[in-house]
Amino acid sequence: MAGPTLAQSFSTKDDDEVFDRFSLTKVLAGKIFEFYDDGQSQYYDDGRYSYTYAGGGGTAYGYWDVTESGAVCVTFLNEATRCDIYVMNGERMILIDENGNRFPVRP
């Protein structure tokens, strides 16, 4: 898990465990994560990324990478970029965005 520098730049809780670059890359590559709003993030092994919005709201495409500090950053095809972190809080994985919003991943 990662050090305090990354955790300080995102709104984490005391019991959140932040992934380091290597660990998060291993966790994300080739996986689909579904959130409780029914949105789905897919992290392809080759660096492609897609986010499918709930209820047929479309899909956004881009490319993902994990930074040295353990944030996952996506550059979308429209050139917009966003960075988030994933943490483990007990047995639950949670995505935290740059605004401090917490999105639990469905098991």
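Quick caveat: nothing in here was measured; it's all calculated off a predicted structure.

### Remarks on the pairing of strand E8 (residues 92-97)
Item 1. In terms of residue burial, E8 counts as a mostly covered element, since five of its six residues are buried.
Item 2. As paired strands, strand E7 (residues 81-89) and E8 are joined by six bridges and run antiparallel to one another. Across the sheet, the residue bridging to Met88 is Met93, located in E8.
Item 3. The turn linking E7 back onto E8 is made up of two residues, and Gly90 within it adopts a positive phi angle of 65 degrees.
Item 4. Pairing between E8 and strand E9 (residues 102-104): three bridges, direction antiparallel. Pairing of Leu95 across the sheet is with Phe103, part of E9.
Item 5. Counted between consecutive antiparallel strands, the loop separating E8 from E9 contains four residues, among which Gly100 sits at a positive phi close to 90 degrees.

### Let's talk about the environment of Ile96
Item 1. Following the sequence through the fold, Ile96 ends up in strand E8.
Item 2. Residues Ile96 and Ser41 lie 55 residues apart in sequence; the distance between their C-alpha atoms is 14 Å.
Item 3. Discounting chain neighbours no more than four positions away, the residues touching Ile96 are Phe10, Ser11, Thr12, Asp16, Asp84, Ile85, Val87, Asn101 and Arg102.

### Re the pairing of strand E3 (residues 40-43)
Item 1. Only one face of E3 is covered, namely the face carrying Ser41 and Tyr43; the face carrying Gln40 and Gln42 is uncovered.
Item 2. Relative to E3, strand E2 (residues 31-34) is paired through four bridges, and the arrangement is antiparallel. Paired with Glu34 across the two strands is Gln40, which belongs to E3.
Item 3. Taking the residues that link successive antiparallel strands as the turn, the E2-E3 hairpin has five residues, and the phi of Asp38 there is positive, at about 75 degrees.
Item 4. In the sheet, E3 pairs with strand E4 (residues 48-52) via four bridges, with the strands oriented antiparallel. Its bridge partner lying in E4, Ser41 is registered against Tyr51.
Item 5. Taken together, E3 and the strand that follows it, E4, pair antiparallel across an intervening segment of four residues, in which Gly47 is found at a positive phi of about 95 degrees.

The rules behind the values
Throughout, residues of each chain are indexed from 1 in the direction in which the sequence is written. Totals for whole chains, interfaces and linings use all residues, but because this is a predicted model, local features are given only for residues with pLDDT of at least 70 and pairs of side-chain atoms are given and counted only at 80 or more. Side-chain descriptors were evaluated using all non-hydrogen atoms of the structure, hydrogens and water having been removed beforehand. Accessible area is worked out with a 1.4 Å probe on protein chains only. A residue is then buried under 20% of its type maximum, exposed over 50%, and partly exposed in between. Each helix corresponds to a stretch of at least 4 residues labelled H or I by DSSP, and each strand to a stretch of at least 2 residues labelled E; elements are numbered beginning at the N terminus. Whether two strands pair depends on DSSP finding at least two bridges between them. Working rule for contacts: check all heavy atoms of both residues, and any pair within 4.5 Å makes them a contact.

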